[in-house]
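So the chains spell out like this:
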Amino acid sequence: MAPPDAAPAAPPPGPDEGPTAPAVLEAVGIGKRFPGVVALDDVSLTLRRGEIHALVGENGAGKSTLIKVLTGVHRPDTGEVRLDGRPVAFARPSDAQHAGVTTIYQEVNLVPLMSVARNIFLGREPRNRLGLIDFPRMHREAAALLAGFGVTADVRHPLGSLGVGTRQMVALARAVSVRAGVVVMDEPTSALEPREVETLFRVIGDLHDRGISVLYVSHRLEELYRICDRVTVLRDGRLVHTGDLADLDRMQLVAMMLGREVSEVRRHGRTGFGEDHHPDREAVLTASGLTRRHVLDDVSLELRPGEVLGLAGLLGSGRSETAKALAGALPLDSGSVTVAGRRLGRPSPAAAIRAGVSLLPEDRKAEGIVAGLSVRENIVLAAMPRLSRAGVVSRARQDRVVQVFMKRLRIKASGPEQKVGELSGGNQQKVLLARWLCLEPKVLLLDEPTRGIDVGAKAEVQALVDELAQEGLAVLLISSDIEELVEGADRLVVLRGGAVAGELTGERVGEGELLEVLAAHAPAAGSGPDDEEVRHDG
Amino acid sequence: MAELSPAVRRGAVRLPTPAWFQAYGVYAAVAVLVLFNAVFTDHFLTGANLRTQLVQVAPVVIVALGMALVIGTEGVDLSVGSVMALAAALLPLYLGYGLLSALLMALAAGAVVGAVNGTLVAVVGLQPIVATLALFVGGRGLALVLADGQLKQIANPGLLGLGTDDVLGVPVVVLIAGVLALLVAGVVHRTTFGRRLVAIGGNRAAAGLAGLPVKRVLIGVYVVCGVLAALAGVLATARLTASDPSTLGTLMELSAITAVVVGGTPLTGGSVRVLGTVCGALLMQLLRATLVKHDLPDSTAQMAQAVIILVAVYVARERRSR
């Protein structure tokens, strides 16, 4: 089909060949911008033959964009992609696939209604003499191939009847059988059971032995240190570091992902100029044993009036999910939320709001604003029943509330009737804050309240959080900005793999301490959250 | 985005923008058609003709009002025509118990169908087009079973009066459509139900997280749409002086959707234009009447209507992609 038949034909290098192995796939000085965002800025990455290369970074680091450039989904604005040293320009994903670069996404892109065997051989089915598909042979070969991956499913069954893990194996089997030289895996273990993860790792080891290169994207540090040879760290669309993983300890790796200097953090210790509040009163919100399969594992925490509790953790640790669970917006398998002594019955956002819990969601556009409605209507959205009489809205009451909050939060708009979609990100965020504050909540859950807003608005929002806590509100603060978290929070709960990994209080609320907990080994060399113990430090 | 009509934006002649068209195009078009007819069509501005036009358009307006609410929630209701037939089929069965009970039964049938639609959409989570397709098919089937597949003459003077009587010189049908339009406009703009409906259509996830009773509102919207369709069925039956469940309301769902879309309500939800919907229905009616009066065949009118629909959808698309 395509030139790089040389790739799999080359002698399989030993696992220790490492740095001397030639480059298979290279990204050189890649730049990519989308309207309003620079997604990648002069990023280079070299994937060597037979290596397992980790690609890491927090939200917005540019991992996905880089993968998409490497696999032909996006075309770079600047720079070039090289395969076996020759520049290539993949116009579409299938070009990349033909050239031996295969991607395995979280949601496997195969055909669920077709049989497993047909999926594996899609587009290159074995034919019999009449030119028809040779089903017996296809089934035989597919079964043999899958057996090599420890999968024993009936290859005649539709793919959709298999579990997520097995489906991923099928995708891998397909990739290997098309003689891929490079396999890109994007968060392959996020939906897998521990046992499936083990199988996957065995298969990856197998690929490695065959000289196939793997670009492995994951935020699970345990996995990276177990299987990867080298690592590339991206942050804010830029290349931060690339090198052997063994040369970095976890702390250094986490610090790079978050953009902190380990030495500096260790020297400074706690910076905190934010006010310390006095959370001596009884908890207003108590969550115990919040559990949802693959998402949250027995998360318990307390929020006291007048304190800012920071919820820390790397991408995928379950921060947003915890906040959503507290706000009644995430169905739980078990666990309970108690607000002001009353347990929330059937959790729903409406019930949580009635109990005094408000959530400022992470995704402002998708879950927060109603872009086509005015500033006024967005502010009063949740408070509408209180501002109306017998189902008829009272403009006078609405206007009063809107006026107060537009002034207090300094919302810059041409007026209350301007459409929210026309405002800047910072002002949209303030509108959402106003929506929740006008309900006079007891507990305010803020998920990334300052992401994507300008510096001025950011400072205002941070000051507001401080002010609200002093007024006695209980605030839960989620932020990927570790500095904001440490400075804003009185206490930190750290999540890892959907479970509480530790808690930092008082003097221990500092960047160094936080990095240590974030980078700490999970108790069991762990594949899933299931093995992790709840541990409370400090 | 680059393909957006650069000519319009930097053109020497300032053409109306798509946004302007979506907001006011339908009013302008109605005005143009009325003026055109006033000048070039004989007997257009006569009481009798205006009366005919309005009486003919009234049922479409009533159905389209409900449809506008549903479309405002990013949904669609294909079952309205079948609901009209169902209402028509029920009337002769219950007229023996008095006009009021017959009317109540007909409207209740609309409410039930709406509640089923709403539940399928909001609770079961089906796509509106699929959920309402079920009752589009099943509703008419049920109507034919109830009516035994037969056309029945209506003799009840009260019911017939709904189709033929005037109040202060205005046909009752037109009056009802007008009052309902005002009522629906009031609901959309002044009640919590209306504002929630619009917010849910604009961003369902955000509305849910803001604690809005999303399911209840959605079910309510489909119920209103069903009741309005049933009412249209009753009025149409009164005008026909016969209950005809096999043909009454066929293609009504498409006329109603057309009126809503031409009236500037985006199919993507988040906005309901009541006056626009009324004018959208009027525009289609006038367009057809104009062409017919100028001795062009009905098929020409259909093609002209198709052009209007394309323009309306195109204008909405431009607006959104900005």
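Residues numbered from 1 in each chain as written. Chains lettered and ligands numbered in written order. Predicted model: local features only at pLDDT ≥ 70, side-chain atom pairs only at ≥ 80, totals over all residues. Heavy atoms only, no water.

As recorded in an unreviewed UniProt entry, chain B goes by Monosaccharide ABC transporter membrane protein, CUT2 family and comes from Actinacidiphila glaucinigra.

In the annotation of an unreviewed UniProt entry, the entry for chain A reads Monosaccharide ABC transporter ATP-binding protein, CUT2 family, and the organism field reads Actinacidiphila glaucinigra. You can read under Subcellular location (unreviewed entry) in the UniProt record for chain A the words "Cell membrane". (UniProt positions renumbered as here; feature names shortened; annotations may be inferred.)

S.K.: Explain the nonpolar core to me, please; I cannot follow it from the model alone.
M.R.: A general feature of soluble globular proteins is that nonpolar side chains tend to end up buried together. Ranked by internal contacts, the top residues of the largest apolar core, which has 207 residues, are A:Leu172, A:Tyr216, A:Leu253 and A:Leu514. Looking at which element gives the most residues to this core, the answer is helix 11 (residues 214–240) of chain B, with 15 residues. With residues near it in sequence (within four places) discarded, A:Leu514 still touches A:Ala312, A:Ile482, A:Leu485, A:Val486, A:Leu492, A:Val494 and A:Leu504. The next biggest cluster of nonpolar side chains, apart from the first, holds 31 residues, and it includes A:Leu290, A:Ala323, A:Val337 and A:Ala352. (Core = buried A, V, L, I, M, F, W, Y, C linked by side-chain atoms within 4.5 Å. Buried < 20%, exposed > 50% of the residue type's maximum accessible area, 1.4 Å probe, protein only. Helix = DSSP H or I, 4+ residues; strand = E, 2+ residues; numbered from the N terminus. Contact = heavy atoms within 4.5 Å.)

S.K.: When you look at helix 6 (residues 164–177) of chain A in this model, what are you seeing that I'm missing?
M.R.: Every α-helix winds through 3.6 residues per turn, so residues three or four apart in the chain are directed the same way. Residue and element names in this part refer to chain A. For helix 6, spanning 14 residues, the distance from its first C-alpha to its last is 20 Å, which sits close to the expected 20 Å at 1.5 Å a residue. A large share of helix 6 lies buried, amounting to 10 of its 14 residues. Inspection of helix 6 places Gly165, Gln168, Met169, Val170, Ala171, Leu172, Ala173, Arg174, Ala175 and Val176 among the buried residues, and these make up the whole buried set. Considering only its buried residues, helix 6 is in contact with helix 3 (93–98), strand 6 (101–104), helix 4 (116–120), helix 5 (135–147), strand 7 (182–186) and helix 7 (194–209). (Expected span 1.5 Å × (residues − 1).)

S.K.: Please explain the UniProt feature "transmembrane region" (unreviewed entry) in chain B as it appears in this structure.
M.R.: Residues and elements named next belong to chain B. Per the UniProt record, "transmembrane region" (unreviewed entry) is annotated on residues 20–40, 52–72, 102–123, 129–147, 167–188, 219–242 and 254–287. The distance separating the terminal C-alpha atoms of residues 20–40 is 28 Å; by composition the span is 100% helix and 0% strand. Spanning residues 167–188, this segment combines 77% helix with 14% strand, and its end C-alpha atoms are found 27 Å apart.

S.K.: Any chance you could explain the interface of chain A and chain B here in plain terms?
M.R.: One frequent convention defines the size of an interface as the accessible area lost when the parts assemble. Contact residues are listed per partner, giving 27 residues for chain A and 20 residues for chain B. Here chain A and chain B share an interface that buries about 1600 Å² over both sides, 65% of which is from carbon and sulfur atoms. The interface formed by chain A and chain B includes 1 salt bridge. Taken together, the links from chain A to chain B amount to 6 residue pairs in polar contact (both at pLDDT 80 or more). Among the elements that line the side of chain A that touches chain B, the one with the most residues is helix 13 (residues 364–368) of chain A, at 4 residues. (Buried area = accessible area lost by both parts, 1.4 Å probe. Salt bridge = Lys/Arg side-chain N within 4 Å of Asp/Glu carboxyl O. Polar contact = N/O pair within 3.5 Å; in protein donor to acceptor, adjacent residues only side chain to side chain.)

S.K.: How do you make sense of the pairing of strand 9 (residues 230–235) of chain A when you look at a structure like this?
M.R.: Regular strands place side chains that alternate from one sheet face to the opposite one. Residues and elements named next belong to chain A. Burial within strand 9 is extensive, with 5 of its 6 residues counted as buried. In terms of strand pairing, strand 3 (residues 52–56) meets strand 9 through 4 bridges, oriented parallel. Looking at strand 9, one finds that Val56 is bridged to Val233. Here 6 bridges tie strand 9 to strand 10 (residues 238–244), and the two strands are oriented antiparallel to one another. (Pairing = 2+ DSSP bridges.)

S.K.: Sorry if this is basic, but what is going on with the pairing of strand 8 (residues 213–217) of chain A here?
M.R.: All names here are of chain A. The element strand 8 is extensively covered by neighbouring structure, given that 5 of its 5 residues are classed as buried. With 4 bridges joining them, strand 3 and strand 8 adopt parallel strand pairing. From the neighbouring strand, Ala54 faces strand 8, where its bridge partner is Tyr216. When strand 7 meets strand 8, the two strands line up parallel, connected through 5 bridges. Along strand 8, the bridge assignment pairs Asp186 with Val217.

S.K.: Can you help me understand the packing of aromatic side chains in this one?
M.R.: In this description, a pair of aromatic rings is defined by centroid distance and the angle of the planes. All names here are of chain B. Within this structure, the stated rule accounts for 2 aromatic pairs over all chains. For the pair Phe36 and Phe40, a centre-to-centre distance of 5.0 Å together with 40 degrees between the ring planes defines the contact as tilted. Within this pair, Phe36 and its partner Phe40 are both found in helix 2 (residues 18–40), separated by 4 residues, close to a single helical turn. Here Phe36 falls in the partly exposed class, since its relative accessible area comes to 35%. (Phe/Tyr/Trp six-rings, centres within 6.5 Å; stacked < 30°, edge-to-face > 60°.)

S.K.: Would you take a moment to explain empty space enclosed by the protein for this structure?
M.R.: Taking a probe equal in size to a water molecule and rolling it over the atoms shows the remaining empty space. All names here are of chain A. Using the criterion set out here, one finds 4 cavities of 30 Å³ or more in the structure. Taken as a whole, the largest cavity encloses approximately 60 Å³ of empty space. Contributing to the lining of the largest cavity are Glu58, Leu258, Ala312, Gly313, Arg319, Ser479, Ser480, Ile482, Leu485, Leu514 and Leu518. When the residues that make up the lining of the largest cavity are grouped by side-chain class, the tally is 6 nonpolar, 3 polar and 2 charged. (1 Å grid on protein atoms, 1.4 Å probe; cavity = no way out; pocket = protein on both sides within 12 Å on 5 of 7 lines; lining within 4 Å. Points joined across faces, edges and corners; volume = space filled by probe spheres on them. Nonpolar A, V, L, I, M, F, W, Y, C, P; charged D, E, K, R; others polar.)

S.K.: What am I meant to see in helix 12 (residues 252–262) of chain B here?
M.R.: Residue and element names in this part refer to chain B. Counting buried residues along helix 12, 9 of its 11 residues qualify, which places the element largely inside the surrounding structure. For helix 12, the complete set of buried residues consists of Met252, Glu253, Ala256, Ile257, Thr258, Ala259, Val260, Val261 and Val262. Immediately downstream of helix 12, the backbone of Gly264 shows phi near 95 degrees, a positive value.

S.K.: Help me understand unusual backbone geometry, please; the structure alone is not making it clear to me.
M.R.: One can expect most non-glycine residues to show negative phi and most peptide bonds to be in trans. Despite not being glycine, A:Asp84 shows a phi value in the positive range, around 50 degrees. Examined against the element boundaries, A:Asp84 turns out to sit in the loop between strand 4 (78–83) and strand 5 (86–88). One non-glycine residue, B:Thr241, adopts positive backbone phi at about 55 degrees. Relative to the helices and strands, B:Thr241 is located in the loop between helix 11 and strand 4 (242–243).

S.K.: How do you make sense of the sheet that holds strand 9 of chain A when you look at a structure like this?
M.R.: Working definition: the strands of a sheet are paired by backbone hydrogen bonds and lie parallel or antiparallel to each other. All names here are of chain A. Sheet architecture is open: 6 strands sit in the order 6-7-8-3-9-10, paired in mixed fashion. Looking along the sheet, the strands with just one partner apiece sit at the ends: strand 6 and strand 10. Taking the axes of each pair of neighbouring strands and ignoring which way they run, one obtains an average angle of 15 degrees across the sheet. Strand contacts of helix 2 (residues 63–70): strand 3, strand 6, strand 7, strand 8 and strand 9, with the helix running at about 135 degrees to strand 3, the strand carrying the most contacts. Lying on the sheet, helix 7 is in contact with strand 3, strand 7 and strand 8; it crosses strand 8 at an angle near 145 degrees. (Axes fitted to C-alpha atoms, helices over the stretch in contact; angles between N-to-C directions.)

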